[in-house]
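Summary of the model geometry
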Amino acid sequence: MVDYTNPDSETVPRSTVRNSWTDNLLLKFTNVIVYALCFANHIYIIGTGDDIHYVGKGTYITPAPWVFNIWAVIHFLLLGTVTFQFFPGGQASIIHGIGWNLPFLGVLNLVYIHVWASGKHYVWAWLLGIFVSWTVGTIWLHGRPIDRPLPSLGEELFVNLPFALYYGWMAVLVWQNIFDAFGVVATERAGGWTKFFVFLFLSGMQGTTTSMGTTRVDIIDWSRFEPKVIHHFSGGDFYFGIPITIALWAVADQQRSSGFVHKCALVFAILATVGIAISSLLYMVTAGVILHALYFRESFVDQERAEVRSPRALPTILETEPLLG
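Predicted model, so just to flag it, every value in this text is computed and none were measured.

**Overview of the overall build of the protein**
Assigned secondary structure in the protein consists of ten helices and two strands. Ordered by position from N to C terminus, the α and β elements of the protein give α-α-α-α-α-α-α-β-β-α-α-α. Across the 325 residues of the protein, 45% fall into the buried class. Long-range pairs, those at least 24 residues apart, make up 80% of the contacts in the protein between residues at least 6 apart in sequence. Counting only carbon and sulfur atoms, one obtains 68% of the accessible surface of the protein, whose full area is about 17,300 Å².

**Some remarks on the pattern of salt bridges**
Within the structure shown, the criterion is met by one salt bridge. We note a salt bridge from Arg 256 to Asp 253, for which the minimum N-O separation is 3.3 Å. Given the relative accessible area of 56%, Arg 256 is considered exposed. By relative accessible area, Asp 253 is classed as partly exposed at 33%.

**Brief notes about the environment of Ile 94**
Relative to the assigned elements, Ile 94 resides in helix H3 (residues 88-98). The sequence separation of Ile 94 and Gly 143 amounts to 49 residues, and the corresponding C-alpha distance is 6.2 Å. If sequence neighbours within four positions are ignored, Ile 94 has contacts with Thr 81, Phe 84, Gln 85, Gly 99, Leu 102 and Val 159.

**Considerations on the side chain of Gln 206**
Looking at the secondary structure, you find Gln 206 in helix H7 (residues 192-213). In contact with Gln 206, other than residues within four places in its own chain, are Leu 248, Phe 268, Leu 271 and Ala 272.

**Some thoughts on the nonpolar core**
Of all hydrophobic cores here, the largest spans 63 residues; its most connected members are Trp 71, Tyr 166, Trp 169 and Leu 202. At 13 residues, the largest contribution of residues to this core is made by helix H6 (residues 153-182). With near-sequence residues (within four places) excluded, Leu 202 lies in contact with Leu 248, Val 251, Val 261, Cys 264, Ala 265 and Phe 268.

**Overview of the environment of Gly 143**
With respect to the helices and strands, Gly 143 occurs in the loop between helix H5 (122-142) and H6. Relative accessible area serves as the criterion here: at 3%, Gly 143 is assigned to the buried category.

**Side note on a nonpolar patch on the surface**
There is a patch of nonpolar side chains on the surface, built from Trp 66, Ile 246, Trp 249, Leu 266, Ile 270, Val 274, Ile 278 and Leu 282 and spanning about 680 Å² of accessible area. If you list the elements that add at least two residues to the nonpolar patch, you get helix H8 (238-254) and helix H9 (259-309). Looking at which element gives the most residues to the nonpolar patch, the answer is H9, with five residues. By the secondary structure assignment, Leu 266 is in helix H9.

**What to know about H3**
For H3, a buried count of eight out of eleven residues is recorded, marking the element as mostly surrounded by other parts of the structure. Among the residues of H3, Gly 90, Gln 91, Ala 92, Ser 93, Ile 94, Ile 95, Gly 97 and Ile 98 are the ones counted as buried. Remark: Gly 99 follows H3 within two positions and exhibits a positive phi of approximately 70°.

**Things to note about the packing of helix H2 (residues 70-84) against H6**
Packing of H2 against H6 leaves a shortest axis separation of 9 Å and a crossing angle of 145°. Of the two possible hands of crossing, H2 and H6 adopt the one that is left-handed. Of the residues in the contact of H2 with H6, the class split is 18 nonpolar, three polar and one charged.

**A closer look at the packing of aromatic side chains**
By convention here, two paired aromatic rings are described through the distance between centres and the angle between planes. Here the structure, examined in full by the defined rule, presents 18 aromatic pairs. With centroids separated by 5.9 Å and ring planes inclined at 90°, the aromatic side chains of Trp 193 and Phe 196 adopt a geometry described as edge-to-face. With Trp 193 and Phe 196 both in helix H7 and three residues apart, the pair spans about one turn of that helix. Using a relative accessible area of 65% as the deciding quantity, one classes Trp 193 as exposed. Residue Phe 196 is classed as partly exposed on the basis of its relative accessible area of 44%. Clustering of aromatic rings is evident, with ring pairs tying together Phe 68, Trp 71, Tyr 166 and Trp 169. Across the ring face of Phe 260, the terminal group of Lys 195 is positioned such that the distance to the ring centre comes to 5.7 Å.

**Some details on the packing of helix H4 (residues 101-117) against H6**
Packed helix pairs are specified by the crossing angle of their axes together with the interaxial distance, meaning the distance between the axes. At a minimum axis separation of 13 Å, H4 and H6 run at an interaxial angle of 30°. Between H4 and H6, the interaxial angle falls into the category roughly parallel. Where H4 crosses over H6, the handedness of that crossing is left-handed. Where H4 approaches H6, its residues Leu 102, Leu 105, Asn 109, Tyr 112 and Trp 116 are matched on the opposing element by Phe 163, Tyr 166, Met 170, Leu 173, Gln 176, Asn 177 and Asp 180.

Here is what the cut-offs are and how they apply
- All residue numbers refer to position in the chain's written sequence, counted from 1.
- It should be noted that, the model being predicted, local features are given only for residues of pLDDT at least 70 and side-chain atom pairs only at 80 or more, the latter also being counted only at that level, while totals for whole chains, interfaces and linings use all residues.
- Only hydrogens and water are set aside when side-chain values are computed; all heavy atoms of the structure are taken into account.
- The way it works is that DSSP assigns letters per residue, a run of H or I at least four long becomes a helix, a run of E at least two long becomes a strand, and they are numbered from the N terminus.
- Using a 1.4 Å probe on the protein chains alone, a residue whose accessible area is under 20% of its type maximum counts as buried, one over 50% counts as exposed, and one in between counts as partly exposed.
- Contact definition: two residues touch when any of their heavy atoms are within 4.5 Å.
- Only the protein chains shown count as cover for residues, with accessible areas throughout obtained via the Shrake-Rupley method and a probe of 1.4 Å.
- Counted as salt bridges are all cases of a side-chain nitrogen of Lys or Arg within 4 Å of a carboxyl oxygen of Asp or Glu.
- Nonpolar core, defined: a set of buried Ala, Val, Leu, Ile, Met, Phe, Trp, Tyr and Cys residues in which side-chain atoms within 4.5 Å join the residues together.
- Like-charged residues within 9 Å of one another, or nonpolar side chains (Val, Leu, Ile, Met, Phe, Trp, Tyr) within 5 Å, are grouped into patches, provided each residue has over 30% relative accessible area and no salt bridge.
- Every axis corresponds to a line fitted to the C-alpha atoms, with the helix fit spanning only the stretch in contact, and the corresponding angles, defined between N-to-C directions, vary from 0 to 180 degrees.
- Handedness of a crossing follows from how the near helix is turned relative to the far one, being left-handed for an anticlockwise turn of less than a right angle and right-handed for a clockwise one.
- Each residue is assigned to one class: nonpolar for Ala, Val, Leu, Ile, Met, Phe, Trp, Tyr, Cys and Pro, charged for Asp, Glu, Lys and Arg, and polar for all the others, Gly among them.
- Only rings of Phe, Tyr and Trp enter the pairing, Trp through its six-membered ring, and a pair is recorded when the two centres are within 6.5 Å. The plane angle decides the type: under 30 degrees is stacked, over 60 is edge-to-face, the rest tilted.
- Geometrically, a lysine NZ or arginine CZ counts as sitting over a ring once it is within 6 Å of the ring centre and also within 35 degrees of the ring normal.
- Any angle between 65 and 115 degrees counts as roughly perpendicular, while under 35 counts as roughly parallel, over 145 as roughly antiparallel, and the rest as oblique.

So, to be careful, I would describe these as geometric facts and stop short of saying anything about function.
If you want it as structure tokens, here you go:
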């Protein structure tokens, strides 16, 4: 565990690594090329009017088509990610933190989208979706700052935000892949088992949104009149729940043929929205407490340094040792 307040800690913080935009050029240009391919694929899909993002059998958890515009938001944020990697702060988190996982994710996502769009290999699409979700989760955790309790503005906007949204969105798509592979189409009558698994999906997504958004653990130790910030593990983030909440509203909008599915999706969408609001409020309060603690500590340290440098604090020989003879 990193002690953020101990200057003699043996752990070398990632932010202290010397960064230059010319370092790791192979990885940086690979990130740019892979992103360009993913973005070009997205533009091609929109331009041809054949939206392969909106695919599947049309099951009882298939959301409305407009929710797939989340892909456009993610691609836009990732443009900031590949640009931010050329700056010192971005290189520390993206190059030294994420590494080659980023281009691997881009290639894997391209394969996943087109396998799913084929409409013939739903089981393979589900398995690929699990791998994409796992890769995004790995990137999301590795891109977090490990040497300080709060990320910089660039890290928050171009590292934490896009991959948290990506991770939450993939959680929705993996569940949709499961229903595409093993579920029934929405034109068929929903049986008891179908309703049970639909309810399980909706409640699970709402519960995940709430739990992932409120598991930030930030401890402020105020012992000996000096605050000490210890950031154990940030397993949650309210960004993660945003695409899930939007997807729940989209399911409620799309599934009107079944009153049970529509009402359940509507209720869980409302609960998830409330959970997101509470999580965002908790995040802002926690960030404010940490910033206040860090500011208070810096003021305390500056005061101690001033007292040490003051002539009154320097004992003379007469005060400490008696004269000989």
